[in-house]
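Chain by chain, the residues:
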Amino acid sequence: MLPASLDEAVAALAAMPAAVPVAGGTDLMAAVNAGLLRPAALVGLGRINEIRGWQYQDGHALLGAGLTHARMGRPDFAALIPALAAAARAAGPPQIRNAGTLGGNIATAAPTGDALPVLAALEATLVIVGPGGAGESGEAGVPGASAVSGSSGSSGTSSREIPVSHLLAGRDMLRPGELIGFVRVPLLHAPQVFLKATGRTGPGRAVASVGLVLDPARRGVRCAIGAVAPMPLRPLEAEQWVASLIDWDGDDRSLAPEALAAFGEYVAAACVPDQGEPVAPGVLHLRRTVAVLARRALGRALTS
């Protein structure tokens, strides 16, 4: 089925509980081809124009879940959310970037999803659209369809918001008939960086990745490490420690190389803990990789 609006998509999913929503299909088709998934039916989201763009809203960017990686990688989007644009450009070869979507990256929740550590560091929230009465709370002012207006009304749909980290952790699983409509991202107007390491030269799945953003208004550093665990990890103590070293009121926020290196080691120790003695060579290599990524990301952000 190919609905033309969120209302129609929600109605189709509610009528066919076993159906699977699909946009770009890059992850879904890989699972089908590997014999890991046999969906009873598909509900295509590619014709729903309201989720293929973005708008500004109350100091946030409201991103449609149907935004492709290729679209997010363009300069106008990069000026808005640089780290997410960088993650989109690193998502794979052109055919993957042209088809894969932001919502699909989140819903699949693969540990190597490039957008995930960036969204975790940005503390993004998801607008979940579902059948009327299913949402616990509505959110007025979301553009597009009545499905996300916070009113179940005649459309028979409603919306609720959850932190992206909750869905990735499996604490707020999508209910029957629900799908990700939009992603609400705070506009920090401050440096942010995405970096990843792969097992080969050129595009590839991340061995480790980092999304790091500065939040001058809250005098904070937010960092999320991807690919090393089932969901992005936030080294909160390392964030707080390094934020206390930064001169937030001065023109020069750079830190000494020793402080950057210590931050990297702090992050690596938190996200890649020891798994017994002696420490396996693979664990040591991954820890060094995470330390280098975190150090470089913070250094770039502070000198941007």
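Let me begin by describing the structure that accompanies this report. (Residues numbered from 1 in each chain as written. Predicted model: local features only at pLDDT ≥ 70, side-chain atom pairs only at ≥ 80, totals over all residues. Heavy atoms only, no water.)

A separate point is the pattern of salt bridges. Evaluation of the coordinates by the stated rule reveals 12 salt bridges. The salt bridge involving Arg71 is made with Asp76; its shortest N-O contact spans 2.7 Å. With a relative accessible area of 22%, Arg71 lands in the partly exposed category. Since its relative accessible area comes to 42%, Asp76 is described here as partly exposed. Between Glu161 and Arg184 there is a salt bridge, with its nearest N and O atoms 2.5 Å apart. Separated by 23 residues along the polypeptide, Glu161 in strand β6 (residues 157–163) and Arg184 in strand β7 (residues 179–186) bring together distant segments of the chain. One salt-bridge network, in which partners are shared between bridges, spans Glu123, Asp215, Arg218, Arg222, Arg234 and Glu239. (Salt bridge = Lys/Arg side-chain N within 4 Å of Asp/Glu carboxyl O. Buried < 20%, exposed > 50% of the residue type's maximum accessible area, 1.4 Å probe, protein only. Helix = DSSP H or I, 4+ residues; strand = E, 2+ residues; numbered from the N terminus.)

This paragraph deals with helix α8 (residues 115–122). Counting buried positions along α8 yields 8 of 8 residues, so the element is predominantly enclosed. Buried within α8 are the following residues: Ala115, Leu116, Pro117, Val118, Leu119, Ala120, Ala121 and Leu122. Directly after α8, the chain includes Glu123, whose backbone phi takes a positive value near 55°.

Counting residues in hydrophobic clusters, the biggest one holds 73 residues, and the most contacted among them are Leu63, Ile81, Ile106, Leu119, Leu212 and Leu298. For this core, the leading source of residues is helix α12 (residues 281–302), giving 10 residues. When neighbours within four sequence positions are excluded, Leu298 is seen to be in contact with Leu212, Leu214, Val221, Val242, Leu255, Leu260 and Phe263. Counting 15 residues, the second largest nonpolar core, distinct from the first, contains Ala9, Ala12, Leu45 and Leu179. (Core = buried A, V, L, I, M, F, W, Y, C linked by side-chain atoms within 4.5 Å. Contact = heavy atoms within 4.5 Å.)

So, about the environment of Ala115. The residue Ala115 is located in helix α8 in this model. For Ala115, a relative accessible area of 5% gives the class buried. With 27 residues separating them along the chain, Ala115 and Ala88 place their C-alpha atoms 6.8 Å apart. Filtering out sequence-adjacent residues up to four positions away, Ala115 remains in contact with Leu84, Ala87, Leu102 and Asn105.

Counted according to the given criterion, the structure contains 2 aromatic pairs. Seen in terms of ring centroids, Trp54 and Phe77 are 5.0 Å apart; in terms of plane orientation they differ by 80°. Their pairing is edge-to-face. Taken as a pair, Trp54 in strand β3 (residues 54–57) and Phe77 in helix α4 (residues 75–78) lie far apart in primary sequence, 23 residues in all. Residue Trp54 is classed as partly exposed on the basis of its relative accessible area, which comes to 23%. (Phe/Tyr/Trp six-rings, centres within 6.5 Å; stacked < 30°, edge-to-face > 60°.)

Let us now look at the pairing of strand β5 (residues 125–131). Successive side chains on a regular strand alternate, one facing one side of the sheet and the next facing the other. Counted residue by residue, β5 has 6 buried out of 7 residues, so it is predominantly covered. As paired elements, β5 and β6 share 7 bridges and run antiparallel to each other. The residue bridging Pro131 from the neighbouring strand is Thr157, located in β6. Where β5 and β7 come together, 5 bridges link them in antiparallel fashion. Counterpart to Leu126 in the pairing with β7 is Val183. (Pairing = 2+ DSSP bridges.)

The 5 strands lie next to each other as β3-β4-β7-β5-β6, forming an open sheet whose pairing is antiparallel. Because the sheet does not close on itself, it has two edges, and the strands there are β3 and β6. Along the sheet, successive strands turn relative to each other by an average axial angle of 25°, direction set aside. (Axes fitted to C-alpha atoms, helices over the stretch in contact; angles between N-to-C directions.)

Turning next to the sheet that holds strand β8 (residues 192–198). The strands making up a sheet associate through backbone hydrogen bonding, with each pair oriented either parallel or antiparallel. Taken in spatial order, the 3 strands line up as β8-β9-β10 in an open sheet, and their pairing is antiparallel. Only two strands of the sheet have a single partner each, and these edge strands are β8 and β10 (220–226). The sheet shows a mean angle of 10° between the axes of neighbouring strands, direction not considered. Examined bridge by bridge, β8 and strand β9 (residues 206–215) share 7 bridges and lie antiparallel to one another. Opposite Leu195, over in β9, you have Val210 as the bridge partner.

Contact geometry of helix α10 (residues 236–243) with helix α11 (residues 257–271) gives a least axis separation of 9 Å together with a crossing angle of 165°. In terms of their interaxial angle, α10 and α11 are classed as roughly antiparallel. Here α10 runs over α11; the crossing is right-handed. The segment α10 lies against α11, with Glu237, Ala238, Glu239, Trp241 and Val242 engaging Ala259, Ala262, Phe263, Tyr266 and Val267. (Parallel < 35°, antiparallel > 145°, perpendicular 65-115°, else oblique. Left-handed = near helix turned anticlockwise from the far one by under 90°.)

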